[in-house]
Each structure stands twice: as structure tokens, then as C-alpha cells.
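Per-entry structural report
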Amino acid sequence: MAEEAVFDLVHMEAVSYVFQGEKISEDEAVAKLEHMGFATGYRLVERLTRESGRFKDELDIMKYICKDLWVTVYKKQIDNLRTNHQGVYVLHDNRFRFLSRMAAGKQYLQYAPRYLAFTCGLVRGCLANLGITCVVTAEVTQLPACKFQIQVQRG
Amino acid sequence: MAVCVAVIGKENSPLYVWVGSGREELHLHYLAHTGLDVIQEKVAAVSKTPGDTRELYLGLLYASEEYKVFGYTTNTRVKFVIITDAANTTLRDNEIRMMFRRLHNMYTNVVCNPFYIPGEQITSREFDRGVAALVAGN
């Protein structure tokens with residue numbers, strides 16, 4: 001459907017916009033994208049959780065992220081959720097939407113993190129508004145599969 | 001007829017308080033604030049009883065001689081409090097739920113405004129009008 005392409009294309013342009021200019025460093029640009037994702041996620045989750053019932057606990061919230069949020073934003077669910085029950089969650093997506101348009105394999109591995117920064121921020125923003133402070137990082141070993149690691153800050 | 005409508009943020013800071021004209025503002029602010037303790041109890045209690053339908057509407061928080069206080073919490077830890085006259089028996093539970101739903105919708109719209117920073121006081125005129133319509137419509 002054509003509507004799905006709009007988000008993909010805007011995201012692509014956002015990534016290339018943020019990396020414009022010779023003086024910008026990789027870290028700064030990625031931080032900008034992450035911040036954009038954070039603000040988006042924060043406001044988005046307010047609207048999305050309106051209809052869902054109250055969450056019982058942290059795991060409930062994580063399941064919500066993997067199912068409802070991912071379906072709403074990326075039109076698919078997270079393929080695998082792992083946790084060590086001590087505040088670390090790993091989300092596996094075997095075919096991440098923003099990476100699915102690039103060649104599968106290792107050819108563009110060095111550029112993949114740019115396309116994950118916004119999503120890391122999105123997840124962090126959603127969790128922040130739901131009351132969970134955390135750090136979200138992403139890892140790619142082979143396109144288009146990727147892993148998001150969420151580390152909940154407790155204490 | 002609602003006498004006071006309050007939106008309270010995550011850290012229990014007031015984001016928006018509307019009090020009907022001719023009412024004792026301070027007393028109503030105080031009532032809304034004490035309602036927060038009851039909300040906290042209810043939220044903590046629900047998380048221990050599984051099998052309860054976990055909905056956002058919390059119902060009557062408490063009733064005094066003059067006023068009845070109703071509460072509603074969202075998943076993002078924002079609370080809404082509506083205070084009505086105790087003598088007013090025409091307002092049914094369903095109507096209060098509808099009022100809270102509309103309030104929630106209005107709040108969501110405010111959050112989506114790029115010029116609104118979450119955590120600040122709500123100064124939107126649209127929100128003011130919405131609350132006025134909410135109170136008048138019942």
C-alpha cells in the first residue's frame with residue numbers, strides 16, 4: 001500500500017538530512033536522530049495507549065511494545081523477545097522494515113546503525129512516557145535482521 | 001454538574017485545574033490533591049489482584065458531605081480528577097466515564113501539539129473550550 005511508503009521515505013530523508021555537512025560527526029548525527037525518535041515515541045504512546053487497558057508490570061509493557069507498537073509503526077510484530085528478568089530485554093526483528101530495502105547480507109553493515117537510531121529513540125521515548133527509564137541500543141550482524149537491546153535503569 | 005476538573009501530571013504536579021465559578025477554589029484544589037492518595041492506593045491494589053479487568057477508570061475515590069471525587073488514570077501516569085456536588089444524583093456512572101473519555105481524548109490532542117512540552121501547564125484555548133463544553137454538556 002502506498003501509505004506505508006510515506007513513513008519509509010520520510011525516514012530515509014531524515015537520515016540523509018541529518019548526515020549532511022562535512023563537519024557533522026557520526027555520533028552527533030545519530031544522537032539527533034535518536035532524539036527525534038524519543039520525542040516522537042513520547043507523544044505517540046500517549047495516543048496509542050488510550051484504548052489499551054492498564055499495564056500490569058514491566059513485562060506487560062514490553063509485550064505491548066513488541067506487539068501493538070511494532071504492528072502500528074512497522075506493520076509486523078517483533079519476532080523474538082528475550083529477557084534475563086533483571087531489566088535487560090532483547091528484541092529480535094528478522095526483517096526490519098527500514099533495512100529491508102537494502103541488499104541483504106553484510107554489504108551495507110557500516111551504514112545500518114544510522115537507520116536504527118530513530119527506532120532506538122522511539123522505543124526509549126515510549127518507555128519513558130510509560131514510566132520506564134532505559135537505554136536502548138541496536139545491533140546488526142546481517143541485514144535485514146537486527147536486535148534492539150533495552151536496559152532498564154533501576155534505582 | 002461537575003464542579004472541578006483537574007489534570008495531574010506524572011510527578012503529581014497540576015497541569016490544569018478548572019473550578020466552577022462561585023466555588024471555593026482552594027478547598028477544591030485541596031480535595032483534588034487528596035484524591036491523588038486514593039488513586040495511588042487503587043493503582044497499587046489492582047496490580048496485586050490478577051483477573052481484575054484493568055481499566056483506566058477508577059470510579060468514586062471518596063465522597064464527603066458536599067462533594068464526590070472521581071478518578072481516572074492513564075498508562076502514562078497522568079491522572080484526571082472530576083469533582084461533583086454530592087447532592088447531584090442525576091450524574092450516573094456511565095456519564096462520568098464518558099466525561100473521562102472525552103477528557104482523555106482532549107489531553108491526547110494537547111500532547112500531539114508540537115508547541116506543548118509534556119510536563120508543562122496546559123494553556124491551550126482549545127482545551128479550555130473542550131472542558132467548558134464537557135462541564136456544560138452534562
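In the nomenclature of an unreviewed UniProt entry, chain B is known as Trafficking protein particle complex subunit 2-like protein of Scylla paramamosain. UniProt annotates chain B under Subcellular location (unreviewed entry) with the comment "Cytoplasm, Perinuclear region". Under the UniProt heading Sequence similarities (unreviewed entry), the note attached to chain B is "Belongs to the TRAPP small subunits family. Sedlin subfamily."

An unreviewed UniProt entry lists chain A under the name Trafficking protein particle complex subunit 6B, with Scylla paramamosain given as the organism. You can read under Function (unreviewed entry) in the UniProt record for chain A the words "Component of a transport protein particle (TRAPP) complex that may function in specific stages of inter-organelle traffic. Specifically involved in the early development of neural circuitry, likely by controlling the frequency and amplitude of intracellular calcium transients implicated in the regulation of neuron differentiation and survival."

1. Here we look at the side chain of T76 of chain B
With respect to the helices, strands and loops of the structure, T76 of chain B is situated in the loop between strand 4 (67-73) and strand 5 (79-85). Among the residues examined, T76 of chain B registers a relative accessible area of 1% and is labelled buried. Among all residues touching T76 of chain B, those that are not within four sequence positions of it are V45, E46, T49, N129 and L130 of chain A together with K10 of chain B.

2. Topic: unusual backbone geometry
The omega torsion of the bond from L143 of chain A to P144 of chain A falls at -10 degrees, within 30 degrees of zero and hence cis. At H85 of chain A, a position not held by glycine, the phi torsion is positive, near 60 degrees. The residue R77 of chain B is not glycine, and still its phi comes out positive at about 65 degrees. Note that R77 of chain B resides in the loop between strand 4 and strand 5.

3. Overview of the packing of aromatic side chains
Residue and element names in this part refer to chain A. Tallied over the full model, the rule gives 17 aromatic pairs over all chains. Between W70 and Y74, the aromatic rings sit 4.9 Å apart at their centres with planes inclined by 50 degrees, giving tilted as the arrangement. Placement of both W70 and Y74 in helix 3 (residues 58-74) is noted, with a separation of 4 residues, approximately one turn of the helix. Taken as a pair, W70 and Y74 share a single burial class, namely buried. Geometry around F19 places R114 over its ring, the cationic atom sitting 3.8 Å from the centre.

4. Some details on the packing of helix 2 (residues 93-111) of chain B against helix 3 (residues 125-136) of chain B
All names here are of chain B. With their axes 10 Å apart at the nearest point, helix 2 and helix 3 run at an angle of 175 degrees to one another. Between helix 2 and helix 3, the interaxial angle falls into the category roughly antiparallel. Between helix 2 and helix 3, the contacting residues are M99, R102, L103, M106, Y107 and V110 on the first element and F127, G130, V131, A133 and L134 on the second.

5. As for the sheet that holds strand 3 (residues 57-63) of chain B
All names here are of chain B. What the 5 strands build is an open sheet, ordered 2-1-5-4-3; its pairing is antiparallel. Two strands close off the open sheet at either side, each with one partner strand: strand 2 (14-19) and strand 3. Looking at each pair of strands side by side, their axes are set apart by 15 degrees on average, direction ignored. Of the strand pairs in this sheet, strand 3 and strand 4 are connected by 5 bridges, and their pairing is antiparallel. The residue of strand 4 that forms the bridge with Y57 is Y72. Running at roughly 140 degrees to strand 5, helix 2 makes contact with strand 1 (2-8), strand 2, strand 3, strand 4 and strand 5 of the sheet. Each of strand 1 and strand 2 is contacted by helix 3, which is oriented at about 45 degrees to strand 2, the strand it contacts most.

6. Structural notes on the interface of chain A and chain B
Often the size quoted for an interface is simply the accessible area lost on bringing the parts together. Facing the 18 residues of chain A at the interface are 25 residues of chain B. Broken down residue by residue, the surface that chain A buries against chain B is led by R43, E46 and R54 of chain A, which jointly contribute 45%. Seen at the junction of chain A and chain B, the total is 1 salt bridge. Residues E51 of chain A and R101 of chain B are paired through a salt bridge, measuring 3.7 Å at the closest nitrogen-oxygen approach. On inspection of chain A and its partner chain B, the count reaches 9 residue pairs in polar contact (both at pLDDT 80 or more). Residue assignment for the side of chain A that touches chain B shows that the elements contributing at least two residues are helix 2 (26-48) and helix 4 (114-129) of chain A. Considering each element in turn, the side of chain A that touches chain B owes the most residues, 5 residues, to helix 2 of chain A. Split into classes, the residues belonging to the side of chain A that touches chain B amount to 5 nonpolar, 5 polar and 8 charged.

7. Quick notes on helix 2 of chain A
Taking 1.5 Å per residue as the helical rise, helix 2 of chain A with its 23 residues ought to reach 33 Å, and the 32 Å between its terminal C-alpha atoms agrees with that figure. Burial in helix 2 of chain A covers these residues: A29, L33, E34, G37, G41, Y42, R43, V45 and E46 of chain A.

8. Considerations on the packing of helix 2 of chain A against helix 2 of chain B
Remark: helix 2 of chain A packs on helix 2 of chain B, axes separated minimally by 9 Å, with the N-to-C direction vectors making an angle of 165 degrees. It follows from the interaxial angle that helix 2 of chain A and helix 2 of chain B lie roughly antiparallel. Between helix 2 of chain A and helix 2 of chain B the crossing geometry is left-handed. Of helix 2 of chain B, the residues touching helix 2 of chain A (which contributes R43, E46 and R47 of chain A) are Y107, T108, N109 and V111 of chain B. Looking at side-chain class alone, the contact of helix 2 of chain A with helix 2 of chain B contains 2 nonpolar, 2 polar and 3 charged residues.

Reading guide: rules and limits
Residues numbered from 1 in each chain as written. Chains lettered and ligands numbered in written order. Predicted model: local features only at pLDDT ≥ 70, side-chain atom pairs only at ≥ 80, totals over all residues. Heavy atoms only, no water. UniProt positions renumbered as here; feature names shortened; annotations may be inferred. Helix = DSSP H or I, 4+ residues; strand = E, 2+ residues; numbered from the N terminus. Buried < 20%, exposed > 50% of the residue type's maximum accessible area, 1.4 Å probe, protein only. Contact = heavy atoms within 4.5 Å. Phe/Tyr/Trp six-rings, centres within 6.5 Å; stacked < 30°, edge-to-face > 60°. Lys NZ or Arg CZ within 6 Å of the ring centre and 35° of its normal. Axes fitted to C-alpha atoms, helices over the stretch in contact; angles between N-to-C directions. Parallel < 35°, antiparallel > 145°, perpendicular 65-115°, else oblique. Pairing = 2+ DSSP bridges. Buried area = accessible area lost by both parts, 1.4 Å probe. Salt bridge = Lys/Arg side-chain N within 4 Å of Asp/Glu carboxyl O. Polar contact = N/O pair within 3.5 Å; in protein donor to acceptor, adjacent residues only side chain to side chain. Nonpolar A, V, L, I, M, F, W, Y, C, P; charged D, E, K, R; others polar. Expected span 1.5 Å × (residues − 1). Left-handed = near helix turned anticlockwise from the far one by under 90°.

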